[in-house]
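This is what each chain is made of:
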Amino acid sequence: MRLLTTIVASLVLAGFVARGSAQDQSFREEPDSVTRREGETATLRCAIDNVAGIVQWTKDNFALGSDRELPGYPRFTITGDVNRGEYNLVVQDTLLEDDGTYQCQASPTETQQGIRSQNAQLTIYLPPDDPVIEEGSSVSVIAGQPKNVTCRADNGKPAATLTWWKDGQEITEGITYITEDAGEKRKNGVSILTLNPSVDDHGKVLTCRSSNPAMDANKETTTQLNVEHTPVVVVQSNPPLVEEGSSVSLSCESRANPGEVRSSSGSRNDVNYQWKKDGVVLAGENGQVLRLNNVRREDNLQVFTCDATNAVGTNSANITLSVQYGPEPLKTTEQVIVDRGTSATLVCQWSGNPSPTIMWTKKGSSSVLGTGDTLTFPIVDQSHSGAYECTAVVPGSGEDSREVVLVVNGPPIISSFEVQYASSGAEGQIECLSSNSPPPSRMAWTWNGIMLDTGTEGRFTAEQRDVHGGRLSVLTVSKVQAADFADYNCTVWNRLGLTSKIITLRPKEPLPLAAIVGGAVAGLVLILVIVLLVFVFCHRRRKKQGASNESITRLEVRDGQETPPKEKVEIIHRDHEAAKDKVPPPPPQRKYYITADYDDRDYSSKTSLGAPPPWTPPGGTYQDYKNGNLYSNPYNNYSSYPAVSEHSYERASIASRASRASEAQKKPRMMTHV
């Protein structure tokens, strides 16, 4: 049947060149290209006016037949109103094999030529397979090293369109797309993504998204990035600003992959650390924290490095130590010498952390003239001469200052008194002081037509010497006469000019007699006042001592020429009754002394009894360890008074020397305690 149809179609085409005499058949509507998904219905439209020949459809230049039912093609039919010349080709449940080029044709007749329509393309879309990332659900990469990741979607018509996304953001660079022939008009879509992973990509999700005209919705697949990288190191100082003399901790924080290895015994850190100071390895310092004690200003700005190493490699981070310390002078120009009319720059440089604030003042003034390392005067004169102070202040660490002297060279300045004095007949001196810089090259005196630098001229002698503050020229006049009281010109030269000053010598006025007498009287009065004050003071002191002696126990010894077996003792104690009426405080530790005559041969051995005698209960006695005398307490009958402030003693002579009896009778002795 198909062979017969093909023969008929050929005959029809062969007759297309023939023409008729009536109206020619022509296309009122030609088919257009149509795109359909597999399984959908496709319609190719064709309408012919004045149909004279046989109408048929061809596919890829192969005739399908002229029968409207198109035998052999059960899903193909020709529809439309024949009377109106409608020959529409309908393809139901389209398949991929229906994809091709179609044409509507009318065969020629004896009087008319055959016609055929434009080509119409029937395109059948076929969805691809689900996309697949060849590397799997997880992709291991190394930070900084390029890595290709491949996604493919096979058997699509047309080939699937593939796009890449990372954590929801589309990737548009580093993508290579190719297609592969899968047979039967199918295509495989392949997309290759070249990754240049960073540390921040670790854990992010890569998505491959597939699209195709035959798909109702896009399809996608994902993979997670496992970015292995050397440790990312951050070094911190606690505190950030270290006070001099204190301690600081430097911590090395790292983020690495792999950074931790887990085992049956638990987890351990898989990162090793090493500290360096200014590039030199610190032995034994391999922990995450470096402790520095007693930090000094010399440690300021030193660089500490932490090296962190894992299986991928080593990475480092640095920190510059910041030590807070007070101002320290670096460079100071102690003296600056310039000529008048030029510029002057004073330099005073300091170090400190934080950087010190530097202020300039003139010595003796609080007005700030400038700030910074230098103080500049564009044009100076001699009024700028003097000492300047640069003060450096570091908040929280104190302040310090240095002195810079500015010397402005100029013509000489004479600073002597304009009027000076001398006494007639005596030696007189006239002084001329040049007190600026540069030093004078010459100093000369002129008077009465005489000029004298140095040396002697008659009764006049000129001398020069360097003194504090300048150079001094002294004109000495021997045996001053009345004519010498006159004007003297002192002239000073230096390399910048000369200066002269008239100094007048005048006679000293004698001191008036009234002033002399007044001074003498005032001196005498002052002496009398001083004597009176001393007398009053001594009198009051004696009176005070006499009052205090009223309560001192006195023991007078009257020794006769013959010493009885037991010597009578007279007790003198004015406060005896008062002592009974009140409870005295406990006896203080005291030293005891015996008064003696200065003419006593044994005076030196009796002036001190040394340490106080030991305390014994009431009723006991005390023995002087030097002279053997015994002492007893007359208040031993008062049991409620364990001690009294003033002791009365009975004295018994154990071995009184007969040779001293007469002297003792004449000169009573007194023992006091203090």
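Relevant structure appears above.
Reading the values: rules and limits
- Sequence order as written defines the numbering, with residues in each chain counted from 1.
- Where totals are concerned, whole chains, interfaces and linings use all residues; where local detail is concerned, this predicted model gives features only for residues with pLDDT of at least 70, and gives and counts side-chain atom pairs only at 80 or more.
- Side-chain descriptors were evaluated using all non-hydrogen atoms of the structure, hydrogens and water having been removed beforehand.
- Helical segments are the DSSP runs of H or I of at least four residues, strand segments are the runs of E of at least two, and each set is numbered from the N terminus.
- Partly exposed residues are those whose accessible area sits between 20% and 50% of the maximum for their type, while under 20% is buried and over 50% is exposed, using a 1.4 Å probe and protein chains only.
- Under the convention used here, a 1.4 Å probe and the Shrake-Rupley method define accessible areas, while residue burial counts only the protein chains that appear.
- Any two cysteine sulfur atoms within 2.5 Å of one another count as a disulfide.
- Here a pair means two rings of Phe, Tyr or Trp (six-membered ring of Trp) with centres within 6.5 Å. Their orientation is stacked below 30 degrees between planes, edge-to-face above 60, and tilted elsewhere.
- Think of it as a cone above the ring: NZ of Lys or CZ of Arg counts as a charge over the ring if it is within 6 Å of the ring centre and within 35 degrees of the ring normal.
- To define a nonpolar core, start from buried Ala, Val, Leu, Ile, Met, Phe, Trp, Tyr and Cys residues and group those joined through side-chain atoms within 4.5 Å.
- Any two residues whose heavy atoms approach within 4.5 Å at even a single point are treated as in contact.
- A pair of strands is considered paired only if DSSP assigns at least 2 bridges between the two.
- Orientation is described by axes fitted as lines to C-alpha atoms, over the contacting stretch for helices, and by angles from 0 to 180 degrees between their N-to-C directions.
- Think of a patch as exposed residues, more than 30% relative accessible area, with no salt bridge, where like charges cluster within 9 Å and nonpolar side chains (Val, Leu, Ile, Met, Phe, Trp, Tyr) cluster within 5 Å.
- Only one rule defines a salt bridge in this text: a Lys or Arg side-chain nitrogen within 4 Å of an Asp or Glu carboxyl oxygen.
- As used in this structure description, the phrase polar contact means that two N or O atoms lie within 3.5 Å; if the pair is within protein, one of them must be able to donate a hydrogen and the other to accept it, and residues adjacent in sequence are counted only when both atoms belong to side chains.

### Brief notes about the overall build of the protein chain
Then, in step 1: The number of helices and strands found in the protein chain is four helices and 52 strands.
Then, in step 2: Looking at the protein chain as a whole, 35% of its 674 residues are labelled buried.
Then, in step 3: When the accessible surface of the protein chain is summed, it comes to about 38,800 Å², and 51% of that surface belongs to carbon and sulfur atoms.

### Here's the deal with the state of the cysteines
Cysteine pairs can be covalently joined through their sulfur atoms, and such a bond is termed a disulfide.
Then, in step 1: For the structure shown, the criterion picks out five disulfides.
Then, in step 2: Covalent S-S linkage joins C46 and C104, the inter-sulfur distance amounting to 2.1 Å. Sign of the S-S torsion, about -70 degrees for the bond between C46 and C104, identifies this disulfide as left-handed. Placement of C46 in the loop between β3 (42–44) and β4 (47–49) and of C104 in strand β9 (residues 100–106) is noted, with a sequence separation of 58 residues between them.
Then, in step 3: The class for C46 is buried, based on a relative accessible area of 0%.
Then, in step 4: On the basis of relative accessibility, which here comes to 0%, the residue C104 falls in the buried class.
Then, in step 5: Across the disulfide, C348 is cross-linked to C390 (sulfur-sulfur distance 1.8 Å). Between C348 and C390 the sulfur-sulfur dihedral comes to about 45 degrees; the bridge is accordingly right-handed.

### Some details on unusual backbone geometry
Then, in step 1: Look at the link from N257 to P258: it is a cis peptide, with omega at 5 degrees.
Then, in step 2: As for its placement among the helices and strands, P258 is situated in the loop between β22 (248–257) and β23 (260–263).
Then, in step 3: Here the amide bond leading from N353 into P354 is cis, since omega sits at 0 degrees, within 30 degrees of zero.
Then, in step 4: In this fold, P354 is placed in the loop between β32 (344–353) and β33 (357–362).
Then, in step 5: Unusually for a residue other than glycine, D60 sits at a positive phi of about 55 degrees.
Then, in step 6: Examined against the element boundaries, D60 turns out to sit in the loop between β5 (55–59) and β6 (62–65).
Then, in step 7: A relative accessible area of 42% means that D60 is categorised as partly exposed.
Then, in step 8: The phi dihedral of N448 falls on the positive side, at around 50 degrees, and the residue is not glycine.
Then, in step 9: You can see N448 is positioned in the loop between β40 (442–447) and β41 (450–452).
Then, in step 10: Relative accessible area serves as the criterion here: at 67%, N448 is assigned to the exposed category.

### Comments concerning the packing of aromatic side chains
Then, in step 1: Counting across every chain of the model gives six aromatic pairs.
Then, in step 2: Ring-pair connections join several aromatic residues into one group, and the members of that group are Y73, F76 and Y102.
Then, in step 3: Between the NZ or CZ atom of R209 and the centre of the ring of W165, over which it lies, the distance is 4.4 Å.
Then, in step 4: Across from the ring centre of W493, 4.6 Å away, lies the NZ or CZ of R442, which sits over that ring.

### Examining the nonpolar core
Then, in step 1: In this structure, I48, W57, L64, F76, L89 and Y102 are the most contacted members of the largest nonpolar core, which totals 23 residues.
Then, in step 2: Put simply, the parts of the chain that give this core at least two residues each are β3, β5, β7 (76–79), β8 (88–91), β9 and β11 (120–125).
Then, in step 3: Residue contacts for I48: discarding those within four places in its chain leaves Q25, S26, F27, R28, V55, R84, G85, C104, A106 and I115.

### Digging into the sheet that holds strand β14 (residues 147–156)
Then, in step 1: Taken in spatial order, the four strands line up as β12-β14-β18-β17 in an open sheet, and their pairing is antiparallel. Pairing within the sheet leaves two strands with one partner each, and these edge strands are β12 (132–133) and β17 (175–183).
Then, in step 2: By the bridge criterion, eight bridges tie β14 to strand β18 (residues 186–195) in an arrangement that is antiparallel. By the bridge assignment, T150 is partnered in β18 with I192.

### As for the sheet that holds strand β39 (residues 428–434)
Then, in step 1: Strand order in the open sheet formed by four strands is β39-β44-β43-β42, and the pairing between neighbours is antiparallel. Edge positions in the sheet fall to β39 and β42 (455–457), since each of these pairs with one other strand and no more. Strand-to-strand twist across the sheet, computed as the mean angle between neighbouring axes with direction ignored, equals 20 degrees.
Then, in step 2: Strand direction decides the pairing type here: β39 and strand β44 (residues 470–477), joined by seven bridges, are antiparallel. Of the residues in β44, the one forming a bridge with E431 is V474.

### Description of a nonpolar patch on the surface
Then, in step 1: On the surface, V517, V521, V525, V529 and L533 cluster together into a nonpolar patch covering about 430 Å² of accessible area.
Then, in step 2: Checked against the element boundaries, V529 lands in helix α2 (residues 513–549).

### A short note on the side chain of Q103
Then, in step 1: Relative to the assigned elements, Q103 resides in strand β9.
Then, in step 2: Overall, Q103 belongs to the buried group, its relative accessible area being 9%.
Then, in step 3: Discounting chain neighbours no more than four positions away, the residues touching Q103 are Q56, W57, T58, R116, S117, Q118 and N119.

### Describing the side chain of D307
Then, in step 1: Within the fold, D307 resides in strand β28 (residues 303–309).
Then, in step 2: When its relative accessible area of 11% is taken as the criterion, D307 is described as buried.
Then, in step 3: At a separation of 3.0 Å, a polar atom in the side chain of D307 contacts the side chain of K276.
Then, in step 4: Once residues within four sequence positions are removed from consideration, D307 is found in contact with N272, Y273, Q274, K276, T314, N315 and S316.

### Here's the deal with the pairing of strand β46 (residues 497–507)
Then, in step 1: Of the strand pairs in this sheet, strand β38 (residues 419–422) and β46 are connected by four bridges, and their pairing is parallel. The residue bridging A422 from the neighbouring strand is P507, located in β46.
Then, in step 2: Relative to β46, strand β45 (residues 487–494) runs antiparallel, the two sharing eight bridges. When the bridges of β46 are listed, T491 appears paired with S500.
Then, in step 3: Hairpin connection from β45 to β46: two residues lie between these consecutive antiparallel strands.

### A word on the environment of D99
Then, in step 1: With respect to the element layout, D99 can be found in the loop between β8 and β9.
Then, in step 2: The buried category is assigned to D99, whose relative accessible area is 6%.
Then, in step 3: Taking C-alpha positions, D99 is 9.2 Å from R36, a pair spaced 63 residues apart along the chain.
Then, in step 4: Apart from residues no more than four positions distant in its own chain, D99 is found in contact with K59, D60, Q121, L122, T123, I124, K157 and K185.

### Notes on the pattern of salt bridges
Then, in step 1: Scanning the entire structure with this criterion turns up 27 salt bridges.
Then, in step 2: Note that E180 and R152 form a salt bridge whose closest N and O atoms lie 2.6 Å from each other. Of the two residues, E180 sits in strand β17 while R152 sits in strand β14, which places them 28 residues apart along the sequence.
Then, in step 3: The class of E180 is partly exposed, set by a relative accessible area of 29%.
Then, in step 4: Several salt bridges share partner residues, and in doing so they unite E134, R152, D154 and E180 into one network.

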